[in-house]
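# Structure assessment
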Amino acid sequence: MVKAVLLGMGVLLTTSAYAKYFPPADVQQLIEKSETLNDKCRGGSGNNPSTMKACDQRDKLLENIEKKGWCYGSYNRDDARYNYRWLPCKMDKTR
């Protein structure tokens, strides 16, 4: 289990050995956009063209994020999906 402490100016420190792995700013922006599109994709009506457009745009963003070396997965092969996080693809054991 990762213990976290929130300090003064919103800085998050963890005891995890993997705490140093944060996506760079450009990748973080892509991740945030993909999450917004994912909400529209999963929350939209299946027969609405804008829903499919959001899904397609999300999938392209996810491909770009992966090309930049970041994956949504886990450091442990047997982790449940709710434990997944963004991490360097080379560290992802779920692939």
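Preceding this section is the structure that the text describes.
This is a predicted model, so every value here is computed, not measured.

Let us now look at the overall build of the protein chain. Across its full length, the protein chain holds two helices and four strands. Starting at the N terminus, the α and β elements of the protein chain follow one another as β-β-α-α-β-β. The 95 residues of the protein chain split such that 26% are buried. Partitioning the contacts of the protein chain with sequence separation of at least 6, the portion at a separation of at least 24 is 30%. Total accessible area computed for the protein chain in this model is approximately 7200 Å², and 52% of it derives from carbon and sulfur atoms.

Moving on, we come to the packing of aromatic side chains. Scanning the model with the defined rule gives two aromatic pairs in all. Between Tyr72 and Tyr84, the aromatic rings sit 6.0 Å apart at their centres with planes inclined by 65°, giving edge-to-face as the arrangement. With Tyr72 in strand S3 (residues 70-73) and Tyr84 in the loop between S3 and strand S4 (85-88), this residue pair connects regions lying twelve residues apart in the sequence. Taking relative accessible area as the criterion, Tyr72 reaches 38% and is therefore assigned partly exposed. One aromatic cluster in this structure is built from Tyr72, Tyr84 and Trp86.

Definitions and cut-offs
- Residues numbered from 1 in each chain as written.
- Predicted model: local features only at pLDDT ≥ 70, side-chain atom pairs only at ≥ 80, totals over all residues.
- Heavy atoms only, no water.
- Helix = DSSP H or I, 4+ residues; strand = E, 2+ residues; numbered from the N terminus.
- Buried < 20%, exposed > 50% of the residue type's maximum accessible area, 1.4 Å probe, protein only.
- Contact = heavy atoms within 4.5 Å.
- Areas by Shrake-Rupley, 256 points an atom, 1.4 Å probe, with all protein chains shown as cover.
- Phe/Tyr/Trp six-rings, centres within 6.5 Å; stacked < 30°, edge-to-face > 60°.

Structural measurements only, silent on function.
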